[in-house]
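Fold and geometry: a report
Given next are the chains, with one letter for each unit.
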Amino acid sequence: MSTLQFPLRETGPRPLPGQRARTLRIGLLGAGKVGQAFLELCRRERDYFLSRGLQLDPVAALVRDASLPRRGLPPRALLTSDPLRFLAVRCDVVVEALGGLEPARSLVAYCLKAGIPVVTANKSLLADHGSELAGLARQAATELRVEAAALAGVPFIATLQERPLAGRFRLLQGILNGTCNFLITELQRGETLPQALAEAQRLGLAEPDPANDIDGQDGAEKLALLCQHLVGRRIEVTGLEKRTLRDLSPLDLEAARDLGGVLRPLVWARLLEDSVEAFTGPAFLPSSHLLSAVGGVDNGLLLEPHCESVSTPDGSGRLFYRGAGAGPKVTAATLLDDLWQAVHSSSAGRLGHASSRQPRETVLRPPRTPWFVRIERQDSCADAGLDDVLALLADHGIHCRGSVEKAQYLWILTSTASKPHIEEACQALAEAASAACLPLRALEVTHV
């Protein structure tokens, strides 16, 4: 098991006695929660970086509304909503915390073309335009660092990209959204989703509009980013299977526990020669799975390397990473760590030390997995018992591995089946027994 932690890594030369620290002029794209956390961290760690030979000097911040106060920005620094004024300021490195695609893409591209290193936490930008921006970084022999965009509290991307065998995975399973993991953990404690969401927003873990998190877009973008920058496969986020958290209730978490497992917000990808099988969304994990113990705001990532010669003492070859995954402070720490790496790197032009090859387009396919199915029977059909439901599922080639029954609800843990087959069976249940079905994917013990 590999666990990576911060604070900042103790790397790079210390200044010699009497030697002046190098001043690093920092431009900040975006000064919202993450941007202000980054500025506060720069202020708090000022003496530490001075001892390492670097004076952090935030000189400009581009924001959408310059009338709002920005905590941590030095008084002499430029605060503007005008991109041209921002770009006119001489910066040694740019930290992008705007989020979204535009104007982030245009501004990052401009800076890279000018040879300015860029550090970003923007998974949407990287999922859609990562290969384009990596090419610009290579052409200008500069740096684009991306550790903060996925598992911000567990910096690992650059490490694996420097190890071509260990980083070339064949199976990826992960909890990559700390907000969703917090919400499900709260459901596990009996809270409703609106209650859990209100608490996440109060703690600063969820945005006012949490749709990207709870509807799976965030996890899908992070999965696309990892496929692209670890193994050179480009997958379209729009084509990924995504399942929302909105349909879950505390009863589902109770049923999962009774069946010997938990529900977790999962991203899953298996690399084949000609395709990638993948999905994202809440899924059932047996209690023996390493990711089943990752709760709260933590993230976790389990990789099985492609090369059989990469092996751990248990012979599995698995790599397991776990750490904090939600909150501006976590992201800010990794952005600052990335900044240090960007200005000290001797291998400029690589995307977080990404491969120089262009990611290749890959066909997406839905995998065959077991399923965790919630069946809600209507009062008028209370006589549709467990045996009737199991018989109907068996008619569609789907067999039961476990079941839990509570009032009008029934939960079935099924054998392996394709998505079309489970959907066809659920449709048949709806027609024959007026039952509403919620099929969630499940992992087998053999996948741990």
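Residues numbered from 1 in each chain as written. Predicted model: local features only at pLDDT ≥ 70, side-chain atom pairs only at ≥ 80, totals over all residues. Heavy atoms only, no water.

**What to know about the overall build of the chain**
We apply this condition: Secondary structure elements are taken from DSSP: a helix is a run of H or I of four residues or more, a strand is a run of E of two residues or more, and numbering for both begins at the N terminus. Partly exposed describes any residue whose relative accessible area lies between the buried limit of under 20% and the exposed limit of over 50%, with all areas from a 1.4 Å probe on protein chains only and scaled to the type maximum. Note on definitions: a residue-residue contact is assigned when non-hydrogen atoms from the two residues lie within 4.5 Å.
For the chain, the helix and strand inventory stands at 14 helices and 18 strands. Burial statistics for the chain: of 448 residues in total, 55% are counted as buried. Of the contacts formed within the chain by residues at least 6 apart in sequence, a portion of 77% connects residues at least 24 apart.

**Observations regarding the packing of helix α4 (residues 104-113) against helix α5 (residues 123-139)**
Quick reminder of the rule: Under this scheme, a helix contributes an axis fitted over its contacting stretch, all axes are lines through C-alpha atoms, and angles between N-to-C directions fall in the 0 to 180 degree range. Geometric relationships in this document are graded by angle, where less than 35 degrees denotes roughly parallel, more than 145 denotes roughly antiparallel, 65 to 115 denotes roughly perpendicular, and other angles denote oblique. Crossing chirality is assigned from the near helix's rotation relative to the far helix, an anticlockwise turn below a right angle marking it left-handed and a clockwise turn marking it right-handed.
One way to put it is that α4 packs onto α5 with a least axis distance of 10 Å and a crossing angle of 15°. What the angle tells us is that α4 and α5 run roughly parallel. In the crossing of α4 with α5, the sense of the turn from one axis to the other is right-handed. Of α5, the residues touching α4 (which contributes Ala-104, Arg-105, Val-108, Ala-109, Leu-112 and Lys-113) are Leu-125, His-129, Glu-132, Leu-133, Leu-136 and Ala-137.

**A look at the confidence of the model for the chain**
Our working definition: A residue's pLDDT is simply how confident the predictor is in it, with values from 0 to 100.
Of all residues in the chain, 86% attain a pLDDT of 70 or more, and the chain-wide mean is 84. Segment residues 346-356 is flagged for pLDDT under 50; beyond a separation of four residues in sequence, or across chains, it makes 32 contacts in the model.

**Brief notes about the side chain of Arg-145**
In plain terms, the rule: By the criterion applied in these results, polar contacts are pairs of N or O atoms within 3.5 Å in which, for protein atoms, one can donate a hydrogen and the other can accept it, and in which residues neighboring in sequence qualify only through two side-chain atoms.
Here Arg-145 lies in strand β6 (residues 144-145). Engagement of the side chain of Arg-145 in a polar contact is seen with the side chain of Glu-143, the distance being 2.8 Å.

**Points about the pairing of strand β10 (residues 275-286)**
Rule in force here: Pairing between two strands requires that DSSP report at least two bridges joining them.
For β10, the tally of buried residues reaches 12 of 12 residues, placing the bulk of the element in the interior. The pairing of strand β9 (residues 261-271) with β10 spans 11 bridges and is classified as antiparallel. Within β10, the position partnered with Arg-264 by the bridge is Ala-283. Between β9 and β10, which pair antiparallel in sequence order, lie three residues. Sheet topology note: the β10/strand β14 (residues 363-365) ladder contains three bridges and is parallel. Bridge pairing links Val-276 to Leu-364 in β14. By the bridge criterion, two bridges tie β10 to strand β18 (residues 435-442) in an arrangement that is parallel.

**Overview of α4**
Along α4, the residues classified as buried are Ala-104, Leu-107, Val-108, Ala-109, Cys-111 and Leu-112. Downstream of α4 by a residue or two, Gly-115 has a phi angle that is positive, lying close to 85°.

**Considering the pattern of salt bridges**
Our working rule: For salt bridges, the criterion is a side-chain nitrogen of Lys or Arg within 4 Å of an Asp or Glu carboxyl oxygen.
Counted by the stated rule, this structure contains 23 salt bridges. Where Arg-43 meets Glu-40, a salt bridge forms, and the shortest distance between an N and an O atom there is 2.9 Å. Taken together, the positions of Arg-43 and Glu-40, both in helix α1 (residues 33-44) and three residues apart, correspond to about one turn of that helix. Accessibility expressed as a relative area gives 52% for Arg-43, which makes it exposed. Between Asp-258 and Arg-257 there is a salt bridge, with the nearest N and O atoms lying 3.8 Å from each other. For Asp-258, a relative accessible area of 41% translates into the label partly exposed. Judged by its relative accessible area of 54%, Arg-257 is exposed. Several salt bridges share partner residues, and in doing so they unite Glu-254, Arg-257, Asp-258 and Lys-406 into one network.

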